[in-house]
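Notes for the structure review
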Amino acid sequence: VTTLIANWQSQKGGLLHEGVVPSHAVGYFMGFWAWDSWKTAVAYARFAPEVAKNQIRAMFDYQLTDGMVIDCIYSNPEENNARDSKPPLAAWAVDEIFTHTNDTAFVREMYPQLLAYHRWWYAKRDHNRNGICEFGSVDGTAEAAAWESGMDNAIRFDNAKMVKNADDAWSFDQESVDLNAYLAYEYKLLKKFAALIKQPFNEPDYTAHVAEYFFDSETGFFFDRHLSNGDFIKEEGCEGYIPFWTGIASREQMSRALPLLTDTA
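So, here's what we can say about the structure. Treat the numbers as computed from the prediction; the structure is a model and nothing was measured. The numbering scheme is per chain: residues are counted from 1 as the chain's sequence reads. Reporting in this predicted model follows two pLDDT cut-offs: at least 70 for local features of residues, and 80 or more for side-chain atom pairs to be given and counted; totals over whole chains, interfaces and linings ignore these cut-offs and use all residues. The side-chain quantities take in all heavy atoms of the structure and omit both hydrogens and water.

What follows deals with the packing of helix α2 (residues 34–44) against helix α4 (residues 90–101). In the contact formed by α2 and α4, the axes pass within 9 Å of each other and the chain directions differ by 10 degrees. Comparing the axis directions of α2 and α4 gives the class roughly parallel. For the pair α2 and α4, the contacting residues are Trp38, Lys39, Ala41 and Val42 in the first and Ala90, Trp92, Ala93, Glu96 and Ile97 in the second. Amino acid classes used here: Ala, Val, Leu, Ile, Met, Phe, Trp, Tyr, Cys and Pro are nonpolar; Asp, Glu, Lys and Arg are charged; the rest, including Gly, are polar. Residue composition of the contact of α2 with α4, by class: 7 nonpolar, no polar and 2 charged. Axis lines are fitted to C-alpha atoms, over the contacting stretch for helices. Their N-to-C directions set the angle, which ranges from 0 to 180 degrees. Only DSSP runs of H or I reaching four residues or more are called helices, and only runs of E reaching two or more are called strands; each is numbered from the N terminus. What sets the label is the angle itself: under 35 degrees gives roughly parallel, over 145 gives roughly antiparallel, 65 to 115 gives roughly perpendicular, and the rest give oblique. Whether two residues are in contact is decided by their heavy atoms, any of which lying within 4.5 Å being enough.

Structure below.
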């Protein structure tokens, strides 16, 4: 709580709402990043929910017309990074705020923007249109695509190549387990929000088989998959934990993964 309060930043310049910076340690951390914002909003929801709401609003102030939420924003908008997005945890943050406040008005306010962001992933980050998305970038660089994952130096991306989806949309040539687990959770929450505010919900459901699709029965763990041939990229990374966190993994998959997670060697 002390760290969160110390990193609180008032509305200033291009930061149109208050929020929380990741760190005061160096100058380039004096902005708001997308998934940092969703996480800090979840924490602030417990003791200062109005700050949490404004943290989310700050990022969505810069949502693009196609639905994309950009990576990070600064008080000087010329420094903003729109080369990539970040993992889709905004709906989780809104749900946590609702859990602690019962504020349906905030859910109603954010729902159209959350829905547009959810649709953006399938429009701009699903190279082969199979309902399974990839991390990517606007400018076609692997650097920005790795940033989009939030795991800039992840081993799973060491041999990844970029494939073009549109003039402003590129993907890694691999489908990522964490991204699709997050999207499955987001789909569930959007459906919940729609019912809460009495809106129709007719989004295609690509989520039912995500856990099965990314689970390697031979290894007993979740991995990314190559676009070209579907082969697993067998690096046991923390991205493989996410299906458990989002609640889409089965008990059988958890029992298979436990030896790897508990083996001290």
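Next up on the list: the sheet that holds strand β12 (residues 232–233). What holds strands together in a sheet is hydrogen bonding between their backbones, with the strands either parallel or antiparallel. At least two bridges found by DSSP between two strands are what make those strands a pair. Read from one edge of the open sheet, 3 strands run β8-β11-β12, paired in antiparallel fashion. With one partner strand each, in any of the chains shown, β8 (174–175) and β12 form the two edges of the open sheet. Here strand β11 (residues 224–226) runs beside β12; their pairing, made up of 2 bridges, is antiparallel. In the sheet register, Arg225 faces β12, and the bridge partner there is Phe232.

By the secondary structure assignment, Asn81 is in the loop between β4 (72–73) and α4. Within the structure, Asn81 has its side chain in polar contact with the backbone nitrogen of Arg83 (distance 3.1 Å). Looking at Asn81, its side chain comes within polar contact range of the side chain of Asp84, at 2.9 Å. Among all residues touching Asn81, those that are not within four sequence positions of it are Ile70, Asp71, Cys72 and Trp147. Polar contacts, as used here, are pairs of N or O atoms within 3.5 Å; protein pairs need one atom able to donate a hydrogen and one able to accept it. Residues neighboring in sequence count only if both atoms are side-chain atoms.

This part takes up the packing of aromatic side chains. We call Phe, Tyr and Trp rings a pair once their centres come within 6.5 Å, taking the six-membered ring for Trp, and we label the pair stacked below 30 degrees between planes, edge-to-face above 60, and tilted otherwise. A complete count under the given rule lists 21 aromatic pairs for this structure. Measuring from ring centre to ring centre gives 5.9 Å for Tyr117 and Trp121, while their planes differ by 50 degrees; the resulting arrangement is tilted. Placement of the pair is Tyr117 and Trp121 together in helix α5 (residues 104–124), with a separation of 4 residues, close to one helical turn. A single burial state applies to Tyr117 and to Trp121, both of which are buried. Plain terms: the ring middles of Phe157 and Phe172 are 4.6 Å apart, the flat faces sit at 20 degrees to each other, and that makes the pair stacked. Taken together, the residues span a long stretch of sequence, with Phe157 in the loop between α6 (142–149) and β6 (162–166) and Phe172 in strand β7 (residues 169–172) at a distance of 15 residues. Judged by relative accessible area, Phe157 falls into the buried class, the value being 9%. Note on classification: 1.4 Å probe, protein chains only; a residue is buried when its accessible area is under 20% of the maximum for its type, exposed when over 50%, partly exposed between these limits. Classification of Phe172 by relative accessible area gives buried; the value is 2%.

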